[in-house]
Structures are given as C-alpha cells and as structure tokens.
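# Geometric and topological summary
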Amino acid sequence: MAQRRRGKRSRTNNERNNADETIVDLIEAKESAQSWFDQNRQLILTVVGAVVLLIVGFVAYKLLYQQPREKQALSQMYKAEQAFSQDSTTKALTDAGGGYPGFIKVVEDYGNTNAGDVANLYAAQAYLKEGKFEAALDYLSDYSGGGKLGDALRNGMKGDAYSELGNMDKALSAYKNASESDNEFFAPYFLLKYAMLSEKQGDTSTALETYKQIKKEYPTSVQGQNIDAYIARVEK
C-alpha cells in the first residue's frame with residue numbers, strides 16, 4: 001500500500017488574512033515612526049547634541065580641570081600636614097613655610113577638590129587643639145566628604161567641640177553618630193566617649209549598656225581590653 005505523503009498544512013483564509021493584517025500594521029507603524037521622526041528631526045537632533053555636549057563637557061571638566069586641581073591641592077597641602085603632625089597648629093593653619101599655604105588657604109583655593117575638602121577636617125582639628133571650638137565647628141560644617149570614616153571623624157570632632165562648649169546633648173548625639181561607623185578603630189573609640197559622657201551626665205544605665213556593647217562587639221580593641229574597669233565602676 002502506498003504511503004501517504006505528509007505535506008505542509010495549507011493555511012486557511014482567516015490565517016492568511018491575519019498575517020496580511022499584521023504585515024500591514026508593521027508597515028504602518030514603521031511609516032508612522034518615520035513620519036514622527038521627520039516631523040521632530042530638529043528637536044531630536046538638538047536633544048541628542050545637548051546630551052553629547054554634556055558628556056563631553058563633564059569628561060573634559062574631570063580630566064582637564066578637576067584632576068589637575070586635585071594634584072595641585074595635594075602638593076600645596078603636604079607642608080601643612082607636616083606642620084600639623086609636629087603640633088605646629090598655627091603654621092598648619094596659616095603659613096606652612098617655604099611658600100606653602102596653611103589649611104585655611106587650601107580650603108579657600110581648592111575647596112571643591114577632595115584634598116581641599118579634607119583640609120576642612122585638618123583645620124577643624126587644629127582649631128580644637130588651640131581651644132577655638134566655634135571655629136572648629138565652622139570648618140566641620142563645611143566638610144562635605146562622604147564615607148563612613150570621614151563622617152565618623154567629623155562627628156567625633158563635633159562631639160569634642162560641643163562638650164568643650166558645654167552643649168552636652170549635642171555632644172552625646174555627635175559621639176553616638178560617630179560610633180556608628182562600624183570601623184574596628186573608630187567605633188569603640190567613640191562609643192567609649194559616648195559612654196563616659198553619659199556616665200558624667202548621670203545616665204548610668206546608658207553608660208553601662210554602652211560599656212557592655214564595647215566588651216561584646218570590640219573585645220580586642222584598646223577600649224575593649226580595659227572595659228571591665230568601667231563596667232565595674234558603674235555596677236557598684
């Protein structure tokens with residue numbers, strides 16, 4: 001018996017009509033898009049050109065302006081850093097010697113660079129050492145750098161300044177914020193300051209809780225190795 005050949009199934013009229021309609025719809029959509037582009041060609045090209053200019057301008061700003069200024073700020077600041085490390089705070093702030101500026105001038109000239117921004121922290125610390133706490137707070141408020149470590153340093157110095165000015169509520173808040181860096185060095189350091197100031201203000205429950213937090217979370221830190229004495233004192 002002869003085998004029946006398998007042939008492709010013939011499409012019905014409805015299927016052919018649906019396929020034709022789909023092709024027509026695609027052609028119409030393409031023509032509509034082309035028509036819209038033709039009508040708005042100038043606007044589209046203007047927008048694209050503006051975006052390209054923005055990108056080129058940003059890259060040029062970073063490469064031709066920002067990066068060279070960053071290097072200049074670093075080269076100008078190193079003498080002030082040396083003076084700061086030698087506790088010559090006045091030189092570090094105003095005139096580092098050898099024709100190099102102090103941190104105040106670095107902030108004024110390069111404040112929009114990362115190095116110039118860090119100079120705010122240096123200036124604040126120098127003013128803290130000189131007992132000029134309001135001036136220190138001014139420079140701390142101008143610091144805009146990000147990152148947990150930078151924020152921890154800023155908040156910690158704010159705590160120092162506020163405590164010296166007698167504003168203990170703000171000092172406690174600043175120390176608490178500084179301790180949230182999760183850094184193995186800064187976190188226990190500022191937690192201890194927060195706890196000690198809380199204890200001094202008569203809030204022994206918060207102090208004890210924070211001392212125990214240091215013992216539990218940072219037992220190998222310098223603060224953690226000596227924390228039992230603080231705990232014992234509060235628990236008396």
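Structural data are supplied above this passage.
This text gives an overview of the structure that appears in the document.

Here is what the cut-offs are and how they apply
- Residues numbered from 1 in each chain as written.
- Predicted model: local features only at pLDDT ≥ 70, side-chain atom pairs only at ≥ 80, totals over all residues.
- Heavy atoms only, no water.
- Helix = DSSP H or I, 4+ residues; strand = E, 2+ residues; numbered from the N terminus.
- Buried < 20%, exposed > 50% of the residue type's maximum accessible area, 1.4 Å probe, protein only.
- Contact = heavy atoms within 4.5 Å.
- Areas by Shrake-Rupley, 256 points an atom, 1.4 Å probe, with all protein chains shown as cover.
- Core = buried A, V, L, I, M, F, W, Y, C linked by side-chain atoms within 4.5 Å.
- Polar contact = N/O pair within 3.5 Å; in protein donor to acceptor, adjacent residues only side chain to side chain.
- Salt bridge = Lys/Arg side-chain N within 4 Å of Asp/Glu carboxyl O.
- Phe/Tyr/Trp six-rings, centres within 6.5 Å; stacked < 30°, edge-to-face > 60°.

A few words now on the overall build of the protein. When its secondary structure is counted, the protein shows 12 helices and 2 strands. Its helices and strands in sequence order give the protein the pattern α-α-α-β-β-α-α-α-α-α-α-α-α-α, from N to C terminus. The buried share of the protein, reckoned over its 236 residues, is 33%. Sequence separation of 24 or more characterises 45% of the internal contacts of the protein that already satisfy a separation of 6 or more. Total accessible area on the protein stands at roughly 15,400 Å², and carbon and sulfur atoms take up 53% of it.

If you look at the biggest cluster of nonpolar residues, it comprises 39 residues, and the most contacted ones within it are F103 and Y139. Those elements that provide at least two residues to this core are α2 (41–85), α3 (89–94), α4 (103–110), α5 (114–129), α6 (133–142), α7 (148–164), α8 (168–178) and α9 (186–200). Ranked by the residues each element gives to this core, the list is headed by α5, at 8 residues. Look past the residues within four positions of F103 in its chain and what remains in contact with it is M77, A80, E81, F84, A92, L93, A119, Y122 and A123.

So, on to the environment of N167. Residue position: N167 is located in the loop between α7 and α8. On the basis of relative accessibility, which here comes to 28%, the residue N167 falls in the partly exposed class. At 3.3 Å, the side chain of N167 forms a polar contact with the backbone nitrogen of K170.

One pass over the structure, following the stated rule, counts 9 salt bridges. Here K129 ties to D87 by a salt bridge, and the two come within 3.0 Å at their closest N and O atoms. Here K129, found in helix α5, pairs with D87, found in the loop between α2 and α3; they are 42 residues apart in sequence, far enough to count as distant. Looking at K129, the relative accessible area reads 42%, which means it is partly exposed. Here D87 falls in the exposed class, since its relative accessible area comes to 53%. The partner of D109 in a salt bridge is K105, with the nearest N and O atoms 3.6 Å apart. Remark: K105 and D109 occur in helix α4; sequence separation between them is 4 residues, near one turn of the helix. Among the residues examined, K105 registers a relative accessible area of 39% and is labelled partly exposed.

Take the packing of aromatic side chains next. For the structure shown, the criterion picks out 10 aromatic pairs. Plain terms: the ring middles of F185 and Y189 are 6.3 Å apart, the flat faces sit at 10° to each other, and that makes the pair stacked. For Y189, a relative accessible area of 32% translates into the label partly exposed.

The next thing to look at is the side chain of S179. Position of S179 relative to the elements: it lies in the loop between α8 and α9. Separated by 2.7 Å, the side chain of S179 and the backbone oxygen of K176 make a polar contact. In this view, S179 contacts A187, F190 and L191; residues no more than four positions away in its chain are not counted.

Don't take any of this as a statement about function, it's just geometry.
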